[in-house]
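Below, each chain spelled out in residue letters.
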Amino acid sequence: MEVLFGGKPMDELKRSVDYSRKRLQAIRNCESKVSDILWKSTQKIIAASKRYRGTGRLTNESALLSYAKNVTAEAEESINSYISAYSKVSCKILGIDSENIESFLVSDIYGKTTSERNAVYLGNFAEDIVRMIKAGTLMGYSDQQILSSIRTGYKDPYHTSVITKAKRKDINIDVPSYGKGYYKNAYQNIVRNASQVIALAWGQAEQEYGQENKAIGFYVKRGSSYPCEICQNEADAGIHSFKDPYPPYHPNCQCVTVFDFKDNKNK
């Protein structure tokens, strides 16, 4: 069976596998861009922290935190731009208009917009970096030691980092709790938010493509051998209607969608 894919005939299973592969690549590319932005923001905060540190103490923690939040707030626009760009790549690949995806990107997703989530997580990220600076300062670290310790631990500061070392020395550093379903560290929340939005956008674009090409439904094929009950149930369910849940079903989902074009003139 052949259908139009970006204006060219292509076997539907081959199309779906190729699309899934490109979706995962877009997510990885965006994660890399976000990581670069966050590290540059971190370096800027560390460099400025010298103004707020004395020997073995922070001289003005609130001022440092305020500065840090301003720095991370400046990163929001760039992160949002990358999320948007990598989301709309899906439309270019499928040969469809990006208007619906653009609307999706500014809409509420599970109660908040992408931008609103990023603003919250970036504020939390600033707090994480300040906590790490505080921990290093209270332990008497030099400027270079603080930079080195944060470089190796800022992506997961509450498991193995300068913060956990400080706590072992009975130095009190608060550990945040953001509620069920959220990571304690903001870095992972920022990256996960970007990844999930891109994945959802690619899923919506593919649905639009299928409906525009008069697909009557879709099958779900596993793209991974990882034992996932959610994905396996969807794959075992046979043909789905467009009212059913649509891949990706969870973060890092590698399921592919194969459209049924029984009534399609392109078959």
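Keep in mind the model is a prediction, meaning the values are calculated, not measured. (Residues numbered from 1 in each chain as written. Predicted model: local features only at pLDDT ≥ 70, side-chain atom pairs only at ≥ 80, totals over all residues. Heavy atoms only, no water.)

S.K.: Could you give me a rundown of the overall build of the protein, with the residues and numbers involved?
M.R.: Scanning the protein from N- to C-terminus turns up eight helices and six strands. Reading the secondary structure of the protein in the N-to-C direction produces β-β-α-β-β-α-α-α-α-α-α-β-α-β. Overall size of the protein, expressed as C-alpha extent along the three principal axes, is 75 × 35 × 30 Å. Buried residues in the protein amount to 48% of all 267 residues. Contacts in the protein between residues at least 24 apart in sequence constitute 73% of all its contacts with a sequence separation of at least 6. (Helix = DSSP H or I, 4+ residues; strand = E, 2+ residues; numbered from the N terminus. Buried < 20%, exposed > 50% of the residue type's maximum accessible area, 1.4 Å probe, protein only. Contact = heavy atoms within 4.5 Å.)

S.K.: Help me get a handle on the packing of helix H1 (residues 12–48) against helix H7 (residues 186–212), residues and values and all.
M.R.: With their axes 10 Å apart at the nearest point, H1 and H7 run at an angle of 150 degrees to one another. If you check the angle between H1 and H7, you find them roughly antiparallel. Crossing handedness for the pair H1 and H7: right-handed. Contacts between H1 and H7 involve Arg15, Tyr19, Lys22, Arg23, Ala26, Ile27, Cys30, Glu31, Val34, Ser35 and Leu38 from the former and Tyr187, Ile190, Val191, Ala194, Ser195, Ile198, Ala199, Trp202, Ala205, Glu206 and Tyr209 from the latter. (Axes fitted to C-alpha atoms, helices over the stretch in contact; angles between N-to-C directions. Parallel < 35°, antiparallel > 145°, perpendicular 65-115°, else oblique. Left-handed = near helix turned anticlockwise from the far one by under 90°.)

S.K.: I'd like to hear about the packing of aromatic side chains, residue by residue, with values.
M.R.: Under the defined criterion, the tally for this structure stands at ten aromatic pairs. Centre to centre, the rings of Phe125 and Tyr154 are 6.3 Å apart; their planes meet at 75 degrees, and the pair counts as edge-to-face. In this pair, Phe125 is assigned in helix H4 (residues 114–138) and Tyr154 in the loop between helix H5 (143–153) and helix H6 (162–168), connecting sequence segments 29 residues apart. Take Phe125 and Tyr154: they sit in the same class, and that class is buried. Taken together through their ring pairs, the aromatic side chains of Tyr209, Phe218, Phe242, Tyr246, Phe259 and Phe261 make up a single cluster. Sitting above the plane of the Tyr67 ring, Arg51 keeps its charged end 5.4 Å from the centroid. (Phe/Tyr/Trp six-rings, centres within 6.5 Å; stacked < 30°, edge-to-face > 60°. Lys NZ or Arg CZ within 6 Å of the ring centre and 35° of its normal.)

S.K.: I'd like to hear about H5, residue by residue, with values.
M.R.: Turning to H5, its buried residues number three or more, namely Ile146, Leu147, Ser149, Ile150 and Gly153. Here the buried face of H5 lies against H1, strand E3 (53–54), H4 and H6.

S.K.: So what's going on with unusual backbone geometry? Which residues, and what values?
M.R.: In this structure, Pro248 follows Pro247 across a cis peptide bond, with omega equal to 0 degrees. Tracing the chain through its elements places Pro248 in the loop between helix H8 (229–236) and strand E6 (256–260). A positive phi is found at Tyr110, a non-glycine position, where the angle reads about 55 degrees. Within the secondary structure, Tyr110 is located in the loop between helix H3 (99–105) and H4. Since its relative accessible area comes to 72%, Tyr110 is described here as exposed. For Lys214, which is not a glycine, the phi torsion comes out positive at approximately 65 degrees. Residue placement: Lys214 occurs in the loop between H7 and strand E5 (217–221).

S.K.: Outline the pattern of salt bridges, supporting the account with residue identities and numerical values.
M.R.: A full pass over the atoms with the stated rule returns eleven salt bridges. Linking Glu12 and Arg15 is a salt bridge whose minimum nitrogen-to-oxygen distance equals 2.8 Å. Taken as a pair, Glu12 and Arg15 lie in helix H1 at a separation of three residues, close to a single helical turn. Residue classification places Glu12 among the buried positions, given a relative accessible area of 3%. Salt-bridge contacts for Arg53 lead to Asp143; the nearest nitrogen and oxygen are separated by 2.2 Å. (Salt bridge = Lys/Arg side-chain N within 4 Å of Asp/Glu carboxyl O.)

S.K.: Would you mind going over the side chain of Arg23 in detail, with residue names and values included?
M.R.: Inspection of the secondary structure assignment puts Arg23 in helix H1. Summary of buried charges: Arg23 has no salt-bridge partner, and the nearest side chain of opposite charge, Glu206, is 5.2 Å away. From its side chain, Arg23 meets the backbone oxygen of Cys253 in a polar contact 2.7 Å long. Excluding residues that lie within four positions of it along the chain, Arg23 makes contacts with Ala199, Trp202, Pro248, Cys253, Gln254 and Cys255. (Lys, Arg positive; Asp, Glu negative; His and termini not counted. Polar contact = N/O pair within 3.5 Å; in protein donor to acceptor, adjacent residues only side chain to side chain.)

S.K.: Explain the pairing of E6 residue by residue, including any values.
M.R.: Residues in a regular strand project their side chains so that they alternate between the two faces of the sheet. In terms of burial, E6 is largely enclosed, as five of its five residues are buried. Where burial is concerned, the two faces of E6 agree: the one with Val256, Val258 and Asp260 and the one with Thr257 and Phe259 are both buried.

S.K.: Mind laying out the state of the cysteines, listing which residues take part and the relevant values?
M.R.: All told, the structure shown has zero disulfides when counted by the stated rule. Left unpaired, Cys30 is separated from the closest cysteine sulfur, that of Cys91, by 15 Å. Residue Cys30 is classed as buried on the basis of its relative accessible area, which comes to 0%. In this model Cys255 remains outside any disulfide bridge; the closest cysteine sulfur is found in Cys231, 3.5 Å from its own. (Disulfide = S-S within 2.5 Å.)

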